[in-house]
Amino acid sequence: ADWVRLQEGRKFLENRQYQQAEKILRPLAESGYPRGQFALGQLYAGATGINRNEKEAIHWFEAAAERGLPEALHELGTRYYHGMGVGKDINRAIALHEQAALKGSADAAGTLGHIYENGPKLVADREKAVGWYYKAGVAYHKAGRLDDARAMLKALKSATIKYPTVLQLVTELEKLVEIRDGAGRQAGTQGIS
């Protein structure tokens, strides 16, 4: 029953009918339903005008994250990384993304790869970046999100220029993703030696 109500609330949210969405999502969130809490957080974070409320958004994202919802952990991690509605805290961002990634969030794993590759010197770690990019690529592949898997493959390929030891990971991920050009030949392996 909660799932059905959640879908109804999300439809109102997608159509920017915030008052109707709030009427459905608030009881779900207050009852402790993590997906309802996350959706209500999305409402307050993305609404316009009177409904937009960053403090409420953070409150509901945190409530869903405390219950282990990977999407909420990833959202909070992103907010801490950029300082959106909370104080900027890269260590907290990494911890939240790691929790989400360990719960199966491919998006969080990809974000960790990006943070470790491009983050400030105190957290930059190319080996960790490569590992998280690979994990994200595999998770995207399993989820059928091949465009995202290809993006992770591209990130791994760029790492092979400076770090040839990751070539094996690139090859393994390419086999999973099975990128093929119009002639049926495997594409994406040209230029790697």
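Quick look at the structure, then. These figures come from a predicted structure and were not determined experimentally. (Residues numbered from 1 in each chain as written. Predicted model: local features only at pLDDT ≥ 70, side-chain atom pairs only at ≥ 80, totals over all residues. Heavy atoms only, no water.)

1. Digging into the side chain of Arg79
Along the chain, Arg79 falls in helix H5 (residues 70-82). In contact with Arg79, other than residues within four places in its own chain, are Ala45, Glu54, Ile58, Phe61, Met84 and Val86. (Helix = DSSP H or I, 4+ residues; strand = E, 2+ residues; numbered from the N terminus. Contact = heavy atoms within 4.5 Å.)

2. Topic: the environment of Ala136
Relative to the elements of secondary structure, Ala136 occurs in helix H8 (residues 126-142). When near neighbours in sequence (up to four residues on either side) are disregarded, Ala136 contacts Ala106, Ala109, Gly110 and Met152.

3. Structural notes on helix H7 (residues 106-118)
Here H7 is 13 residues long and its end C-alpha atoms lie 18 Å apart, about the 18 Å a rise of 1.5 Å per residue gives. Of the residues making up H7, those classed as buried are Ala106, Ala108, Ala109, Gly110, Leu112, Gly113, Ile115 and Tyr116. (Expected span 1.5 Å × (residues − 1). Buried < 20%, exposed > 50% of the residue type's maximum accessible area, 1.4 Å probe, protein only.)

4. Points about helix H2 (residues 18-30)
Compared with the 18 Å implied by 1.5 Å per residue over 13 residues, the 17 Å span of H2 between its first and last C-alpha is a close match. At Ile24, H2 shows its largest bend, some 30°, and a proline, Pro27, comes one to four positions later. Buried residues of H2: Tyr18, Ala21, Ile24, Leu25, Leu28 and Ala29, and no others. Elements in contact with the buried residues of H2: helix H1 (2-14), helix H3 (34-46) and helix H4 (54-66). (Bend = angle between axes of the 7 residues up to and from the residue.)

5. Section: the pattern of salt bridges
Scanning the model with the defined rule gives 12 salt bridges in all. The partner of Arg5 in a salt bridge is Glu8, and the shortest N-O contact between them spans 3.0 Å. Placement of the pair is Arg5 and Glu8 together in helix H1, with a separation of three residues, close to one helical turn. Its relative accessible area of 35% is what places Arg5 among the partly exposed residues. Glu174 is the partner of Lys157 in a salt bridge, and the nearest nitrogen-oxygen pair spans 3.2 Å. Remark: Glu174 occurs in helix H10 (residues 167-177) and Lys157 occurs in helix H9 (residues 146-162); sequence separation between them is 17 residues. (Salt bridge = Lys/Arg side-chain N within 4 Å of Asp/Glu carboxyl O.)

6. Here we look at the packing of helix H6 (residues 90-102) against H7
Between H6 and H7, the least distance of the axes is 8 Å, while the angle of their chain directions is 145°. The handedness of the crossing between H6 and H7 is left-handed. Of the residues in H7, those touching H6 at Ile90, Ile94, His97, Glu98, Ala100 and Ala101 are Ala108, Ala109, Thr111, Leu112, Ile115 and Tyr116. Per-class residue counts for the contact of H6 with H7 are nine nonpolar, two polar and one charged. (Axes fitted to C-alpha atoms, helices over the stretch in contact; angles between N-to-C directions. Left-handed = near helix turned anticlockwise from the far one by under 90°. Nonpolar A, V, L, I, M, F, W, Y, C, P; charged D, E, K, R; others polar.)

7. Comments concerning the packing of H2 against H3
With their axes 8 Å apart at the nearest point, H2 and H3 run at an angle of 145° to one another. Crossing of H2 over H3 shows left-handed handedness. Contacts between H2 and H3 involve Tyr18, Ala21, Glu22, Leu25, Arg26, Leu28 and Ala29 from the first element and Gly36, Gln37, Ala39, Leu40, Leu43, Tyr44 and Gly46 from the second. Taken together, the residues that form the contact of H2 with H3 break down as nine nonpolar, three polar and two charged.

8. Some points on the side chain of His74
In this fold, His74 is placed in helix H5. A distance of 3.2 Å separates the side chain of His74 from the side chain of His97, its partner in a polar contact. (Polar contact = N/O pair within 3.5 Å; in protein donor to acceptor, adjacent residues only side chain to side chain.)

9. Concerning the environment of Ser105
If you trace the backbone, Ser105 turns up in the loop between H6 and H7. In this structure the C-alpha to C-alpha distance between Ser105 and His74, which are 31 residues apart in sequence, comes to 7.8 Å. Setting aside residues up to four positions removed in sequence, Ser105 forms contacts with Pro70, His74 and Ala100.

Shape is all these values report; function is a separate question.
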